[in-house]
Every structure is written in C-alpha cells, then in structure tokens.
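One-letter residues, chain by chain:
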Amino acid sequence: MPINKHATQIRSIILSNRRIGVYHQIVLEVGDVVKYIKPGNFIAISVGGETSRMVLRRAFAISRTSDKGTVELIIAPYGGGSKWLCAQSEGTYVDVITPLGTAFGIPTEPVTALLVGGGYGSAPLFGLAEVLKSRGCRVIMALGASTAAKIYAPIEGKRSVTSLKIFTEDGSAGEAGRVTDSLPQLIEEHEVRVIYSCGPMPMLEALSEIAVAADIAHQCAVEESMACGVGICMTCVLPVKNANGKIKNLRSCIDGPVMDGESVQWRLVGQQL
Amino acid sequence: MSFDFSTTLGGAWFPTPLFTASGCASSGKELAQFFPLREIGAVVTKSIMLKPRAGRPTPRMAETPSGMLNSIGLQGPGIDAFLVEDIPWLAAQGARVIVSIAGETAEEYGVLARKLRGVSGISAIEVNISCPNVENRGLVFACDPNSASEVVKSVRGIIGGELPILAKLTPDVTNIASIASAVIRAGADGIAMINTVLGMVINTETMRPHLGGKTGGLSGPAIRPIAVRAIYQVREALPNVSILGMGGVASGKDAFEMILAGASGISIGTASFGDPSAVYRIQNELREILIGKGFASVKEAVGYAHRANVTEGE
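Given the structure is predicted, the values throughout are model-derived calculations rather than measurements.

### Focus on the overall build of chain B
Stage number 1. Across its full length, chain B carries 9 helices and 16 strands.
Stage number 2. Relative to its length of 314 residues, chain B is compact, with a C-alpha radius of gyration of 18 Å against a globular reference of 20 Å.
Stage number 3. Considering only C-alpha atoms, chain B reaches an extent of 55 × 50 × 40 Å along its principal axes.
Stage number 4. Sorting the 314 residues of chain B into buried and exposed places 59% on the buried side.
Stage number 5. If you take every contact in chain B between residues at least 6 apart in sequence, the share linking residues at least 24 apart comes to 73%.

Quick look at the structure:
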C-alpha cells in the first residue's frame, strides 16, 4: 500500500491569521487536495524562511476544511516554529505538505460519540464533530485546560455538538477539575459507544483506561515530536501492541496521529523496548 | 554541448551524483510520493542489522541551531524482512540501491554480507561502522583503525569483486585520513562520510539530558564545514579513492562545495526531513551550477579545490 498516497507538497498562501485567546487561527489555501483531507489528518509546514536556522518542518493538526480549498489550523505560539508561523501576515506563502497521517474512523451506525479535547487539542475535534453529525451521530464534547484562556471552543464549531462541557483546573471557566474526572458517569448516562480524543499524553492515557473499563472504542490523536512528518526520521515513535500481542515502536506520523488508545502502551513511552 | 551528470563510486556507475543518506530515507517508500526514486543516483537504505531492533527510547530528537540531534539507535526490521519487503519494491521502482549495514561485531557484518551476496538489484554496500547511537563508544568501530579494518575485512571476505564496499566514517576521530587509509587497505572500495557528530542537549526545564539515549548524533548545515574539511583531508591523502560525501548539504551550492572538496557523490540526509523533495531539488540545482561553471562532467569537478595554484591564471 502506498504511504501517504494523497500527500502533496504545495506553496500555500495564508488567507487569514487571527488571534483567538492564547491561540492563532490560521487559514491556508491548499486547493484541490482539500478533498482528500479527513478529520485527524495533519499538515507539515516549513518555517522560518530561506535563511532560517530552523531546519525541520512543523506538524500541525488540521481543525477544519472547507470545500473552497482551505484548511484551518489552531496554533499555540509556543516554540520557535509556531511563533514564526503565527507572526506571518495574510498573503504570505508557506511550503506545506498535506494530508499526512491516519484519520479518525467514522462509525457505520449513528451512535453517541464522546469527543474529549485538552487545550488546543480540541481544534481537530470540531471538524470531526461536523462529520459525525452529518452521519447522524450524537456528539458530546468535553474540553479541558489549565485555565479559561486555553479553552478553544468557537461558536460556529458548537453547532455540530449536542452537548458541550468545559473543565478548567483553576475553575476560571466551566467546572473546576480535570476533564477526565466525570467521564465514566457521562459515558454510562449517554450510552457513549466511542471516544475520540486529542490532547496531552497523560490525558490520552487516562482516557484509554476509562475506555477499557467501559468496554468502548477509543481513538486518540497523539502528539509526539516529529522531525519530518513523512515517515523517514523515526523520531516520533510510540510503543504499540499489534494484533499478535507484540509491542513495537510505531511512527506516530504514519501509523498515527490517530491510534487505538488501548493498543498504545502508555507506560512504556520513553522506555527501552 | 552534452553534459555528463553520471558518477562512479568504487567502480559502481550511477546516472547522477545525488543519493539519499542512510537513516534519512527509511527504505525509500516514504519519499516515492515526492519524486521518482529511479531519477536520483541511488537510494541508500537505513542501516540494516541482523535482527529486528526497537531502537532507543523517546525523546529521540532535538532541533538545534541549523541542525538536529537524533538518537534513533538503528530501529529496523532486520535483514530478513528487509530482503523480502524492501529490496524487491525498490527494484520494481527502477531505483538503484546501496544497502547500508550495521552490526555489533565484525562477524555480524560478515553474516549480513553473506545474506546480501547474490541478491539482485544492489549497486553497492555501505558498511556503517560509525553510528554514534550505541551503548558502548568502544563499539564505534570507525574510531579505531584496527577495529574498522576488521569489519571491512569480514565483509570483503564474503563479498568478492562483485559489489563495491563503502566504509562509513565518523569525523569524531583525531585523524580521519588514517582511518580512511586503514579501511581502504582492508579492502574497502570507497569512503562514505561523514556520519553524525556526537552531541548532547540538556533540557533547561527538566535540567536533564533531553534525549532518551542522553547523547545523539548532530546533523544538518551546522556540521557541513566539518564534512567539507574531512572530505578534503581524505581526498588529499587518498586522491584515487572515491568518496560519497554527506553532512548538512541543503542546496545545490552545498553539494557543489563537497564535490570540489573531493566527493564523487553526495548524500542528502537532514535536508529531506525539512523538505522531502530535497534530493531531487538539490540534484537539479547542482546540475545547473556545474553547467554554469563550465564543467563538462561531474568527474571533472571532483576534487577541483585541490588543483595546484599555478593553474589559477589560466
């Protein structure tokens, strides 16, 4: 099977760049390739310009696409590469490669899905929510962050969501506490059949345990640091158990970012296999 | 005027002097989405070991100014799976292939050579004796002329004249030309250099070494002058030995510089991480530069920086 068979490298123009809370919403024109982008896929962007000392491409989750050939990214200007990208103005061209990686699997039946996002990890979940809703699924969303400014929940994104719960660790928005705390109860109440998640690794690990206990599927989008995004550098590996029970280091760019939460061996991350 | 873009390395012919670098192209499949593999000189595969290997723990990567540190530790499927899955696929693409091998003992390299002997579709073998990401620095064969020679002899003993052997060297030695001379005497047909330079990043938040393997190999434009120097020195000492040059090449101009230093072929590594079409792009840029400078062939430009001063006024 070809790897990343729809991945295309293009010069893409920044159509808009807006600050939303602590994040930037960047809209890029990617043209026809948009029809191959599915929720969960990511985009890798060259940063810093020609004389940059940053030699590696940056991977970003795609939050939404439009049939006009645009993709929307929600970026936290944290490191050198994301700061550079967030500082670019409309009309700037950037070198991008998309779509990359695996996508969220969509249920064949109209079930109730729970979407859990940590911080800006919520961004790709809104695009997913639109697709799930169009397939007749009920979408329950639970978002968590350390503080209110780090919750990303755009008004237009909420349309596809049946119910939205917000949790902050400092209690500055929604309920005080961690997003994972009330989920077992919520899963039982709403007869949730599948969890989709995106966010920091400890949250994904906690969700995997909750999903196993409730005996439901859990698809998570992982974030492991990548040098290339296309499968050649072998830096972004995670330990994953395969169907035969063998644990192998799999690339989160090729075999992810969307992975089966139960198969990822969270406790072995950072350990010698 | 016709321009000859072909090159030879240890007797093997390649249509262009641009190659992938081992460990920076996996086994080729991932890059095939971005350019036709048959149109570059050859795909140099990741270094293959005898058995499947999980590699080092994460984090495996740290970006550094104009470069990066990696600590992969030779993760791979092992030679048997590689021969079944990867070589036939590369051959079907019409790509030329240089297989890179790595072992823990000189004998293991010999066993790998035995498995490769007779496999069709291979143009040369790169004997990687300089991977920095191993537990014991004493096992970096290329740090010692005797250990380096033993490995090359072990491979040469199995591979007769049918396949050229390139020994991959590290710049982390006092005198790289003496290591190069030793491996050539032991039977290598050419030198591949440079491997990454041993380095470390300490995370100032956790205040511990950032990489899971603590140390890693530095690559990228940051090490290019080291590579150019090492290639120049080996060319000076061994003017008839072919060199596959690498280390931070990111443009046609960089590749040209390495050819002037003495490389007959150029491998592209870290630049492919930032731009998966880098090998192809750099190949086109290099062709333009060579033609623009008036060279009729790649061969004419190899080692041109070594020419005597008396020819300057011509």
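### Some details on the overall build of chain A
Stage number 1. Of regular secondary structure, chain A possesses 4 helices and 16 strands.
Stage number 2. Radius of gyration (C-alpha) of chain A: 18 Å, near the 19 Å computed for a compact globule of 273 residues.
Stage number 3. Referenced to the eigenvectors of the C-alpha coordinate spread, the extents of chain A come out at roughly 55 × 45 × 35 Å.
Stage number 4. Here chain A holds 273 residues, and 49% of them are scored as buried.
Stage number 5. Sequence-distant contacts in chain A: of pairs separated by 6 or more residues, those separated by 24 or more amount to 66%.

### A word on the packing of helix H3 (residues 145–158) of chain B against helix H4 (residues 176–185) of chain B
Residue and element names in this part refer to chain B.
Stage number 1. H4 packs onto H3 with a crossing angle of 30 degrees between their chain directions and a minimal axis gap of 8 Å. With respect to their mutual orientation, H3 and H4 come out roughly parallel. The two elements H3 and H4 meet at a crossing, and its hand is right-handed. Contact with H3, carried on its side by Pro145, Ala148, Ser149 and Val152, involves Ser178, Ile179, Ala182, Val183 and Arg185 of H4 and no other residues of that element.
Stage number 2. When the residues that make up the contact of H3 with H4 are grouped by side-chain class, the tally is 6 nonpolar, 2 polar and 1 charged.

### Things to note about the sheet that holds strand E16 (residues 258–260) of chain A
All names here are of chain A.
Stage number 1. If you trace the 7 strands from one edge of the open sheet to the other, you get E11-E10-E9-E8-E12-E13-E16, paired in mixed fashion. Either end of the sheet is taken by a strand with one partner, and the two such strands are strand E11 (175–176) and E16.
Stage number 2. Across 5 bridges, strand E12 (residues 194–198) lies against strand E13 (residues 217–221) in parallel orientation. Bridging from a neighbouring strand, Val194 pairs with Ala217 of E13.

### Notes on the interface of chain A and chain B
Stage number 1. Residue-level contacts link 30 residues of chain A with 33 residues of chain B.
Stage number 2. In the side of chain A that touches chain B, the residues fall into 16 nonpolar, 10 polar and 4 charged.

### Regarding the pairing of strand E10 (residues 190–193) of chain B
Residue and element names in this part refer to chain B.
Stage number 1. Of the two faces of E10, the one holding Gly190 and Ala192 and the one holding Ile191 and Met193 are both buried throughout.
Stage number 2. Across 3 bridges, strand E9 (residues 165–168) lies against E10 in parallel orientation. Paired with Ala167 across the strands is Ile191, a residue of E10.
Stage number 3. Following the backbone out of E9, through H4 and into the adjacent parallel E10, one traces a crossover that is right-handed.

### Topic: the nonpolar core
Looking at soluble globular proteins, one finds that nonpolar side chains tend to be buried together.
Stage number 1. Ile43 of chain A together with Ile125, Val127, Ala167 and Ile231 of chain B are the most contacted members of the largest nonpolar core, which totals 189 residues.
Stage number 2. Leave out the neighbours within four places in its chain, and Ala167 of chain B touches Val127, Ile129, Ala148, Val152, Val183, Ala188, Ile191 and Ala192 of chain B.

### Details of the packing of helix H6 (residues 252–261) of chain B against helix H8 (residues 278–292) of chain B
Residues and elements named next belong to chain B.
Stage number 1. Interaxial distance between H6 and H8 falls to 8 Å at its minimum, and their mutual angle equals 60 degrees. Between H6 and H8, the angle falls in the class oblique. In the crossing of H6 with H8, the sense of the turn from one axis to the other is right-handed. Contact residues: H6 offers Gly252, Lys253, Ala255 and Phe256, while H8 offers Ile282, Glu285, Leu286, Glu288, Ile289 and Leu290.

### With respect to the environment of Asp67 of chain A
Stage number 1. Structurally, the position occupied by Asp67 of chain A is in the loop between strand E5 (64–66) and strand E6 (70–75).
Stage number 2. Sequence-wise, Asp67 of chain A and Gly31 of chain A are 36 residues apart; in three dimensions their C-alpha atoms are separated by 9.0 Å.

### What to know about the environment of Asn249 of chain A
Stage number 1. Along the chain, Asn249 of chain A turns up in strand E15 (residues 247–251).
Stage number 2. For Asn249 of chain A, a count of 25 C-beta atoms within 10 Å gives the class buried.
Stage number 3. Sequence separation between Asn249 of chain A and Gly81 of chain A is 168 residues, and the spatial gap between their C-alpha atoms is 26 Å.
Stage number 4. Ignoring any residue separated from it by four or fewer positions in sequence, one finds Asn249 of chain A in contact with Val237, Pro239 and Leu273 of chain A together with Ala54, Gly55 and Gln75 of chain B.

### Remarks on unusual backbone geometry
Stage number 1. Residue Pro257 of chain A follows Gly256 of chain A across a cis peptide bond; omega there is 10 degrees.
Stage number 2. The residue Pro257 of chain A is located in the loop between E15 and E16 in this model.
Stage number 3. The residue after Thr58 of chain B, namely Pro59 of chain B, is reached through a cis peptide bond having omega -5 degrees.
Stage number 4. As for its position among the elements, Pro59 of chain B is in the loop between strand E4 (43–44) and strand E5 (61–64).
Stage number 5. Residue Ser26 of chain B is not a glycine yet carries a positive backbone phi of 50 degrees.
Stage number 6. Tracing the backbone through its elements, the reader meets Ser26 of chain B in the loop between strand E3 (18–20) and E4.
Stage number 7. With 23 C-beta atoms counted inside 10 Å, the residue Ser26 of chain B sits in the buried group.

The rules behind each value
Each chain has its residues counted from 1, running along the sequence as written. Here chains are named by letter from A upward and ligands by number from 1 upward, in the order in which they appear as written. The model is predicted, so local features are restricted to residues of pLDDT at least 70 and side-chain atom pairs to those at 80 or more, both for listing and for counting; the totals for chains, interfaces and linings are taken over all residues. The helix and strand labels rest on DSSP assignments: H or I over at least four residues marks a helix, E over at least two residues marks a strand, and numbering proceeds from the N terminus. Radius of gyration means the value over C-alpha atoms here, while the globule rule gives 2.2 Å times the residue count to the 0.38 power. Any residue whose C-beta has 12 or fewer other C-beta atoms within 10 Å is treated as exposed, any with 20 or more as buried, and any in between as partly exposed, C-beta atoms being built from the backbone. Distance between backbone-placed C-beta atoms decides contact: two residues are in contact if it is within 7 Å. The axes used here are C-alpha line fits, helices contributing only the stretch in contact, and every angle between their N-to-C directions lies in the interval 0 to 180 degrees. Any angle that is under 35 degrees is reported as roughly parallel, and any over 145 degrees as roughly antiparallel; angles of 65 to 115 degrees are reported as roughly perpendicular and all others as oblique. Helix crossings are classified by the rotation of the near helix relative to the far one: an anticlockwise turn of less than a right angle makes the crossing left-handed, while a clockwise turn makes it right-handed. Side-chain classes follow a simple rule in which Ala, Val, Leu, Ile, Met, Phe, Trp, Tyr, Cys and Pro form the nonpolar group, Asp, Glu, Lys and Arg form the charged group, and the remainder, Gly included, forms the polar group. Strands are treated as partners if at least two bridges between them are detected by DSSP. Handedness of a crossover is defined as follows: with both strands directed away from the viewer, a clockwise route from the first strand across the helix to the second makes it right-handed. By our criterion, buried Ala, Val, Leu, Ile, Met, Phe, Trp, Tyr and Cys residues that link up through C-beta atoms within 7 Å make up a nonpolar core.

The values are spatial; any link to function lies outside them.
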